[in-house]
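A look at the structure
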Amino acid sequence: MQWNQAALTRRIEVAAHHQSADLVIRGGQIVNVFSGEIMEADIAIVDGVIAGIGSYEGKEIIEANGKWIIPGLIDGHVHIESSLLSPKEFARVVLQHGVTSVITDPHEIGSVAGVEGIRYMLEQSEGLPMDQFVMLPSCVPATSFESCAAHLTAADLEPFYNHPRVLGLAEVMDYGALAGADPDMVDKLASAHAYSKRIDGHAAGIAADQLDVYAAAGIRTDHECINAEEAKQRLARGMYVMIREGTATKDLEAILPAVTPYNARRCVFVTDDKLTDDLLDEGSVDHNVRLAIRYGLPLVTAIQMATLNTAECFGLRDRGAIAPGYIADLVLLDNLEELTIHSVYKQGRAVVIERHLQESVFPAAASARDANSARDTGAAALARGHMAPLEAQHLALPLSSELCNVIEIIPQSIVTRHALERADIANGHFVPSIERDLLKLVVAERHQGTGHIGRAIVKGFELKCGAIVSTVAHDSHNLIAAGASDEELLLAIRHVTELGGGLAVVAGDQVLASLPLSIGGLLSKLPYEQVYIQLQQLQHALQQIGAAQHFDPFLTLSFLALPVIPTLKLTDLGLFDFAAGRHISVEAVQQPHSLPQT
């Protein structure tokens, strides 16, 4: 927002009724997130900024006809890459859900392409009719327990702090490096503080007293609490609690009891990771607001948590409310409690009218720029020569005893259980069992051609045959696959490698469905409408092979390689035990009294 002399003069003259506004939205019921009131008044807008609330004349008049008007919604923490869409296509989706600003962490593409990946996301979000603010990846690589394509130091990140849409340092997830005052981590924190930037936390599985380490480092947010008690611990230390409702992780219902009239202003809504089909079908943070209202949170408080609270959390003093001097990011609703969106305005310009996206507001050259920049940045296609060729023998998992450490999926969570199961063995090797839901899980390094392959056993996908594969595997985004046979695993892996990255479902010797992700193995070049269709085809293919339907198998698969989240995970270097902080053998030390029943 401009604060120069000319802009200020126009704004003041409109506010003082000395000249007409550019636009007046008349007859709406405004939700005041400061006072909690709902008031009927005109909204006078000049140069995309609200100049007055009251009774005004304008060069253009929009009749709201009693519709409710709320501030544009703000997602406080999202990885755009998890939508599988380019920044432009992501904007086309979430604008329809009233989201006019997001705080994004390009950690995923940063892990694949380093500074060029960050630059790609900034370039591709320039000139869009929504604001995509960036928090710089703090942990690339996330840990030393997996192979990563990039390494970002404080010196690499520092030049980005001068960018007007870079707000700070993103989720600090390496607690070990933080608690040990690792010099590289301390350099990143000190650099962010030197530029007066925000720092996000990532305190998954952290005890209450360990939170002091985060707070002492000046980290003021966390999106990893999963229940009310953990939320209270963070609030007590002056942190903002980010209440997450994404595709794989749905924490809102469990956390909401911690929200009180005393602490609600320190709570914000986030999606973190959400796939395109879920964004289209249920929404972004608008879905969080609807759910919160249904669970009994006061209506204005829920809206406040998706607008003003988030803006204040990140120092965005020009948005998050409908008041003079604030950017005219507005959402007109047909139904307030259900947040039924009628129209959306970004800086006073209609971007959605009667639930229809206005394509004319997008830069005409954006599509060409998408393709060109993707080639230029190094975040482009998965180079075929960077992944060592795989044969069937590379997937074999030798076992000398049947009792094994098994990764057990917890539906709707990125946390897993550490299970003990008796595995089937043939010729000294693990054999998947669809009857007992024990599948083979494989992670193959895909960036440097090292040939590293991790192998483990996973329970919970419920496949009756086939395999699923993805080059989206947090955080280093090596290739990950789960399957009922080595032959099907190999077919799936070879197919996505030929695609240059992506998702696929196979059965027998057939590829049932796939989605190419040719930008870094993470993002599609396609319009969101086509991505949605291909995701639906993948979902149909998952049904064909009997995959579980009560959670998203692909998003769940993508987090099984994330060693900074409890409990058991698999990296390209082997099975990782979060609690022990090290890799462990798939074969378990036998404890007779705790053997699982067959």
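Residues numbered from 1 in each chain as written. Predicted model: local features only at pLDDT ≥ 70, side-chain atom pairs only at ≥ 80, totals over all residues. Heavy atoms only, no water.

**Examining the UniProt feature "domain: Amidohydrolase-related" (unreviewed entry) in the protein**
UniProt's feature table lists "domain: Amidohydrolase-related" (unreviewed entry) at residues 68-351, given in the numbering used throughout. End-to-end, the C-alpha atoms of residues 68-351 are 17 Å apart, and along that stretch the chain is 33% helix and 21% strand. (UniProt positions renumbered as here; feature names shortened; annotations may be inferred. Helix = DSSP H or I, 4+ residues; strand = E, 2+ residues; numbered from the N terminus.)

**Let's talk about the sheet that holds strand β29 (residues 574-577)**
What holds strands together in a sheet is hydrogen bonding between their backbones, with the strands either parallel or antiparallel. On the basis of which strands lie adjacent, the open sheet formed by three strands has the order β28-β29-β30 and antiparallel pairing. For this open sheet the edge positions go to β28 (568-571) and β30 (582-584), each flanked by a neighbour on one side alone. With direction set aside, neighbouring strand axes in the sheet form an average angle of 45 degrees. (Pairing = 2+ DSSP bridges. Axes fitted to C-alpha atoms, helices over the stretch in contact; angles between N-to-C directions.)

**Overview of the sheet that holds strand β19 (residues 416-422)**
Read from one edge to the other, the open sheet built from eight strands follows the order β19-β18-β23-β22-β25-β24-β26-β27, with strand pairing classed as mixed. Two strands close off the open sheet at either side, each with one partner strand: β19 and β27 (510-516). Neighbour-to-neighbour, the strand axes of the sheet open up by a mean angle of 25 degrees, direction not taken into account. Pairing analysis gives seven bridges linking strand β18 (residues 403-409) to β19, with the strands arranged antiparallel.

**Focus on helix α11 (residues 285-294)**
Since the α-helix turns once every 3.6 residues, residues separated by three or four places project in the same direction. Burial runs high along α11: nine of the ten residues are buried. Along α11, the positions that sit buried rather than exposed are Val285, Asp286, His287, Asn288, Val289, Arg290, Leu291, Ala292 and Ile293. Once α11 ends, the next one or two residues include Gly296, with phi positive near 105 degrees. (Buried < 20%, exposed > 50% of the residue type's maximum accessible area, 1.4 Å probe, protein only.)

**Comments concerning the UniProt feature "domain: Adenine deaminase C-terminal" (unreviewed entry) in the protein**
When the UniProt feature table is mapped onto this chain numbering, "domain: Adenine deaminase C-terminal" (unreviewed entry) sits at residues 414-579. Taken as a whole, residues 414-579 contains 23% helix and 34% strand, while its terminal C-alpha atoms sit 15 Å from one another.

**So, the packing of aromatic side chains**
Any pair of aromatic rings gets described here by the distance separating the centres and the angle formed by the planes. On inspection of all chains with the given rule, the structure shows five aromatic pairs. Relative to Phe576, the ring of Phe145 lies with its centre 4.4 Å away and its plane at 40 degrees, an arrangement referred to as tilted. Here the residue Phe145 occupies a position in the loop between β8 (131-136) and α4 (154-157), and Phe576 occupies one in strand β29, the gap between them amounting to 431 residues. For Phe576, a relative accessible area of 2% puts it in the buried group. Relative to Tyr214, the ring of Tyr175 has its centre 6.0 Å away and its plane inclined at 25 degrees; by these criteria the two rings are stacked. In this pair, Tyr175 sits in helix α5 (residues 175-179) while Tyr214 sits in helix α7 (residues 211-216), placing the two residues 39 residues apart along the sequence. Assessed through its relative accessible area of 18%, Tyr175 is described here as buried. (Phe/Tyr/Trp six-rings, centres within 6.5 Å; stacked < 30°, edge-to-face > 60°.)

**Here we look at helix α1 (residues 5-15)**
Within the span of α1, buried status applies to Ala7, Arg11 and Val14. Buried residues of α1, seen end-on, are gathered within an arc of 65 degrees and therefore sit on one face of the element. Residues of α1 that are exposed and angled more than 90 degrees away from the buried face: Gln5 and Ile12. Buried residues along α1 sit in contact with β1 (21-31), β2 (38-46) and β3 (49-54). Of the residues that open α1, the one with a side-chain oxygen 3.2 Å from the backbone nitrogen of Ala6 is Asn4. (Arc of directions from axis to C-beta. Contact = heavy atoms within 4.5 Å. Polar contact = N/O pair within 3.5 Å; in protein donor to acceptor, adjacent residues only side chain to side chain.)

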